[in-house]
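Below, each chain spelled out in residue letters.
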Amino acid sequence: MEEYTREPCPWRIVEDVGGAYAMGLLGGTIFQTFKGFRNAPSGMSRRLAGSVSAIQLRAPLLGGSFAVFGGLFATVDCTLIHLRQKEDPWNSISSGAITGGLLAARTGVASMMGSAVVGGVLLALIEGLGIYMTRISADHFQPVLPPPIDNPEQFNPGEESKEL
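Just so it is clear, the structure is predicted and the values come from calculations on it, not from any experiment.

Moving on, we get to the state of the cysteines. As enumerated under the stated definition, the model contains one disulfide in all. Paired through a disulfide, Cys-9 and Cys-78 show a sulfur-sulfur distance of 2.3 Å. Where Cys-9 bonds to Cys-78 through sulfur, the torsion about that S-S bond is close to -100 degrees, and the disulfide is left-handed. With a gap of 69 residues between them, Cys-9 in helix 1 (residues 9-39) and Cys-78 in helix 2 (residues 44-84) connect regions that are remote in the sequence.

Next comes the structure, spelled out in structure tokens:
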């Protein structure tokens with residue numbers, strides 16, 4: 001089984017920004033396809049044109065928003081790894097809370113605290129689910145004992161085989 005290893009911290013930020021942008025762009029494309037189709041005037045050609053127009057206008061913006069979140073999250077995560085000198089789920093949970101708070105900083109302290117709580121809880125659920133899935137899948141890879149031997153003499157022959 002091949003394990004996925006993450007990039008070292010400076011390159012992890014670039015990787016996470018790109019991955020978040022791609023995820024936001026793909027999700028925005030899917031969402032805007034239906035939204036543009038639904039909001040366009042009647043007629044199939046107008047609805048298809050409305051879908052394409054909505055995708056061109058809004059999907060890159062959603063991708064950019066995801067990229068900002070991914071970049072800030074990865075930066076905070078790398079900073080916590082450097083400061084704490086260890087990589088564990090608490091870094092991700094704290095990074096989610098800090099990122100949520102920082103992204104809501106312009107809206108006031110109350111909104112900032114609420115977003116920080118939501119970010120921390122969301123990342124705690126994600127990390128908890130990851131740990132749970134790892135424990136479940138670890139049971140499948142435990143070594144299995146061989147079955148007991150019914151006739152031990154078949155593995156320990158007598159004098160006949162020594163004469164050959």
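What follows concerns unusual backbone geometry. Leave glycine aside and you will find that most residues have negative phi; peptide bonds, for their part, are mostly trans. Located in the positive-phi region is Gln-85, a residue other than glycine, with phi close to 60 degrees. If you trace the backbone, Gln-85 turns up in the loop between helix 2 and helix 3 (89-103).

With that settled, consider the pattern of salt bridges. This structure, assessed with the given rule, holds three salt bridges. Across the pair Arg-12 and Asp-77 runs a salt bridge whose closest N-O atoms are separated by 3.9 Å. Separated by 65 residues along the polypeptide, Arg-12 in helix 1 and Asp-77 in helix 2 bring together distant segments of the chain. Taken as a pair, Arg-12 and Asp-77 share a single burial class, namely buried. By relative accessible area, which is 6% here, Arg-12 ends up buried. One connected set of salt bridges, linked through shared partners, spans Arg-12, Asp-77 and Glu-87.

Here the focus is the packing of aromatic side chains. One pass over the structure, following the stated rule, counts one aromatic pair. Across from the ring centre of Phe-37, 5.5 Å away, lies the NZ or CZ of Arg-47, which sits over that ring.

This part takes up helix 4 (residues 109-138). Between the first and last C-alpha of helix 4 there are 43 Å, a value that for 30 residues agrees with the 44 Å anticipated at 1.5 Å per step. Buried residues in helix 4 make contact with helix 2 and helix 3.

The subject of this paragraph is the UniProt feature "transmembrane region" (unreviewed entry) in the chain. The UniProt record marks residues 20-38, 59-83 and 103-126 with the feature "transmembrane region" (unreviewed entry), using the residue numbering of this structure. The span residues 20-38 is 100% helical and 0% strand by assignment, and the distance between its end C-alpha atoms comes to 27 Å. With 100% helix and 0% strand, residues 59-83 has its two end C-alpha atoms placed 36 Å apart.

What counts, and where the lines are drawn
- Residues numbered from 1 in each chain as written.
- Predicted model: local features only at pLDDT ≥ 70, side-chain atom pairs only at ≥ 80, totals over all residues.
- Heavy atoms only, no water.
- Disulfide = S-S within 2.5 Å.
- Helix = DSSP H or I, 4+ residues; strand = E, 2+ residues; numbered from the N terminus.
- Salt bridge = Lys/Arg side-chain N within 4 Å of Asp/Glu carboxyl O.
- Buried < 20%, exposed > 50% of the residue type's maximum accessible area, 1.4 Å probe, protein only.
- Phe/Tyr/Trp six-rings, centres within 6.5 Å; stacked < 30°, edge-to-face > 60°.
- Lys NZ or Arg CZ within 6 Å of the ring centre and 35° of its normal.
- Expected span 1.5 Å × (residues − 1).
- Contact = heavy atoms within 4.5 Å.
- UniProt positions renumbered as here; feature names shortened; annotations may be inferred.

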